[in-house]
Amino acid sequence: MSKQAHLQGSPEHSAMVCLHGQGVVKGYAIGRAAVMSAASLEVAHYRIADTDIQAECLRLKQALQAASRDLQAMAQALPDDAPRELGPLLNVHSLLLDDPMLYEQTCALIESRHYNAEWALTAQGQVLAEQFAVMEDDYLRERASDIRQVIERVLREMSGSPAFISDLVTSNSSDPLIVVARDISPADMLRLRGGRFAAFLTDLGGPTSHTAIVARSMNVPAVVGMGNVRALVRDGDILIADGFLGTVLINPSEQVLAEYRERQAGYQQERAELALLKDAPAITLDGIQVRLQANIELPEEAQEALAAGADGIGLFRSEFLFMGRRTLPTEEEQYEAYAAVVKTMQGKPVTIRTLDIGADKTLDGDVTVATNPALGLRAIRYCLANPAMFATQLRALLRASLHGHIRVLIPMISHMHEVHATRRALDNAARELEEQGVAFARNISLGAMVEVPAIAIAIEPFVDALDFLSIGTNDLIQYTLAIDRGDSDVADLYDPMHPAVLRLIAHIINAGDRGGKSVSVCGEMAGDSRVTRMLLGLGLKEFSMHPQQLLDVKKEVRLAHSNALRVKVASALNRAERIDLASLA
Ligand code: PEP
Ligand code: MG
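Since the model is a prediction, treat every value here as computed from it, not as a measurement.

Participant: Sorry if this is basic, but what is going on with the pattern of salt bridges here?
Facilitator: Proximity of charged atoms lets side chains of opposite charge pair with each other. The tally for this structure, following the rule as stated, stands at 27 salt bridges. The partner of D279 in a salt bridge is K278, with the nearest N and O atoms 3.8 Å apart. Look at D279 and you get exposed, because its relative accessible area is 66%. Here E319 makes a salt bridge to R353, at a shortest N to O gap of 2.6 Å. With E319 in the loop between strand 11 (313-317) and helix 13 (331-344) and R353 in strand 12 (residues 350-353), this pair connects stretches of sequence that are 34 residues apart.

Pasting the structure below:
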């Protein structure tokens, strides 16, 4: 339902345009549009004479250098209160800008096709962005937007008017402002920081785009992937952004404004009430104690987890330490990062997942590649195939666990010999540290993500061999239903409520209970308060989710009667029937 505009209206008020996109941060905002410039849509394309080629390449080089200097200066002067994601994101942009290939290949287009520098750069950016856009991995696919943002930056530099920000931002008006942009780069975010922005709306981007990440950290509603919001909205228009529905209403009537003001006040009231639950226990009406933990991607997020009242970190996706850089993080860097999280969590358990990175996804020219990266050398398979890199991570984990309670989580286990190989690698790392006289903690817990259906079906030996299990429903659903989790063409078939998925989850939880091992869910299902009752009905007692979802889930837990839910869910699953969530309310 994205990227469409339609007119809404009634005879008594003027027609109002409603645009749809993807709501990535919930909430309502009412304010004036601050429309940001998009140089890539505004620059002229023309051919140049032979004699101008050299000067054009020089103009390109100077713009690249100026943009790079600008970014470096920004990264160095990063204010303390800047959203913590900005540093690494600016770093990714610097790396892209400084890549000599960007200059060389763009210059080659100026020479061979006689494009002006702006045209050549836009064309080269398109080629690079398309290469990223077809990648399987969500994170890498999102890097297509980094390319576009870097190109945009250089184009602004060449236009001689690097202004991105609407005049309204610098005006004295006290109205809340809603940023409307083609896309928002990390550097743009930094410039916008401190402004009184009520929401972010962008033409491009998905749930893992920078706009989404930073808006989430600023707790400001955001709708991305709107297609043409920037073209349809004028600076100063009155907007209503709805982060729940993923919509924006342009110049709504007084009646609609009043209705949304009421919704906004209701939502704020709801958030304030939820905040009171922070220190309340997560216990069902029939006295079942539930553990609510947090998923984090960067060490700094542990603070947010603690503030939300999390019982620990259920999933630290360590791969984020490895991304957006040219070299692997050293043992020391990793040790610092893991130790920082453990210290922040003040004795609460911290579950750190070993590197979960995908297979090599580069396409080989025009030749169709037969391998499927989702089924390839990823996660634990990749780590076991790169023992030196894996050993570095395991050493850092063993050392950091001196500072608190670390649990090591292995992603994508599909065979028992992978568990044995991981244990051996962990033992070897411990022996090496011992021989070198480096301090580390012994008896670290080892658990596995259950995300491959094979081990979900034949789970019992894994319960015996491991200390704990964590169900990665995002991948478990993908592999069980044969639905690519990132492919929007089949997104409607990605169904967490499929009886086969629910039976697998129930089977894993029951096996864990029988073997006396803890089982958590750390996929997106765990943080979706609409399915909390379902998970309780499946017997789940440990959830791990984004810190911002924690209180919504806690509220559901405290209103649920676990045993009644278990009876209802079990009888439906026996018959492999679809369960209507409303029937569990
Ligand atoms: C999952 O697969 O559910 C999971 C938590 O891991 P990720 O989303 O990082 O693949
Ligand atoms: Mg996974």
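There is more to say after this.
Participant: Explain empty space enclosed by the protein here, please?
Facilitator: Remark: the empty space left among the atoms is shown by a probe the size of a water molecule rolled over them. For the structure shown, the criterion picks out two cavities of 30 Å³ or more. Of the pockets and cavities examined, the second largest cavity occupies roughly 30 Å³. Lining the second largest cavity we find H93, Q149, V150, R153, R156, S185, A187 and D188. The set of elements that each furnish at least two residues to the lining of the second largest cavity consists of helix 6 (138-159) and helix 8 (186-192). Residue contributions to the lining of the second largest cavity peak at four residues, all from helix 6. Taken together, the residues of the lining of the second largest cavity break down into two nonpolar, three polar and three charged. Counting contributing residues per domain, the lining of the second largest cavity is built from domain 1 (3-37 + 164-273) and domain 2 (51-159), each supplying no fewer than three.

Participant: Would you mind going over the state of the cysteines with me for this structure?
Facilitator: Each disulfide consists of a covalent bond between the sulfur atoms of two cysteine residues. If you walk through the whole model with that rule in mind, you get one disulfide. The disulfide partner of C57 is C107, and the S-S distance across this bridge is 2.2 Å. Of the two residues, C57 is situated in helix 2 (residues 53-76) and C107 in helix 4 (residues 100-113); the sequence distance between them amounts to 50 residues. With respect to class, C57 is no different from C107; both count as buried.

Participant: Where do I start with the coordination of the magnesium ion (ligand 2) in this structure?
Facilitator: Reference values for coordination geometry: four tetrahedral donors around a metal ideally subtend 109.5 degrees, six octahedral donors ideally subtend 90 or 180 degrees. The coordination sphere of the magnesium ion (ligand 2) contains the protein donors E451 (OE) and D475 (OD), at a distance range of 2.1 to 2.3 Å. Linking E451 in the loop between strand 14 (445-450) and helix 17 (453-457) with D475 in helix 19 (residues 473-481), this pair joins segments that are 24 residues apart in sequence. Accessibility classification places E451 together with D475 in one group, the buried group.

Participant: What is the right way to look at the pairing of strand 15 (residues 468-471) in this model?
Facilitator: Successive residues of a regular strand alternate their side chains across the two faces of the sheet. Side-chain alternation along strand 15 places F468 and S470 on one buried face and L469 and I471 on a second face that is also buried. Bridge analysis of strand 14 against strand 15 gives four bridges, and the strand direction is parallel. Within strand 15, the position partnered with A448 by the bridge is L469. Bridge analysis of strand 15 against strand 16 (residues 518-521) gives four bridges, and the strand direction is parallel. Note that in strand 16 the partner of L469 across the bridge is V519.

Quick notes on the rules
Residues numbered from 1 in each chain as written. Chains lettered and ligands numbered in written order. Predicted model: local features only at pLDDT ≥ 70, side-chain atom pairs only at ≥ 80, totals over all residues. Heavy atoms only, no water. Salt bridge = Lys/Arg side-chain N within 4 Å of Asp/Glu carboxyl O. Buried < 20%, exposed > 50% of the residue type's maximum accessible area, 1.4 Å probe, protein only. Helix = DSSP H or I, 4+ residues; strand = E, 2+ residues; numbered from the N terminus. 1 Å grid on protein atoms, 1.4 Å probe; cavity = no way out; pocket = protein on both sides within 12 Å on 5 of 7 lines; lining within 4 Å. Points joined across faces, edges and corners; volume = space filled by probe spheres on them. Nonpolar A, V, L, I, M, F, W, Y, C, P; charged D, E, K, R; others polar. Domains from an automatic or database assignment. Disulfide = S-S within 2.5 Å. Donors = N, O, S within 2.8 Å, 3.2 Å for Na, K, Ca; no water. Pairing = 2+ DSSP bridges.

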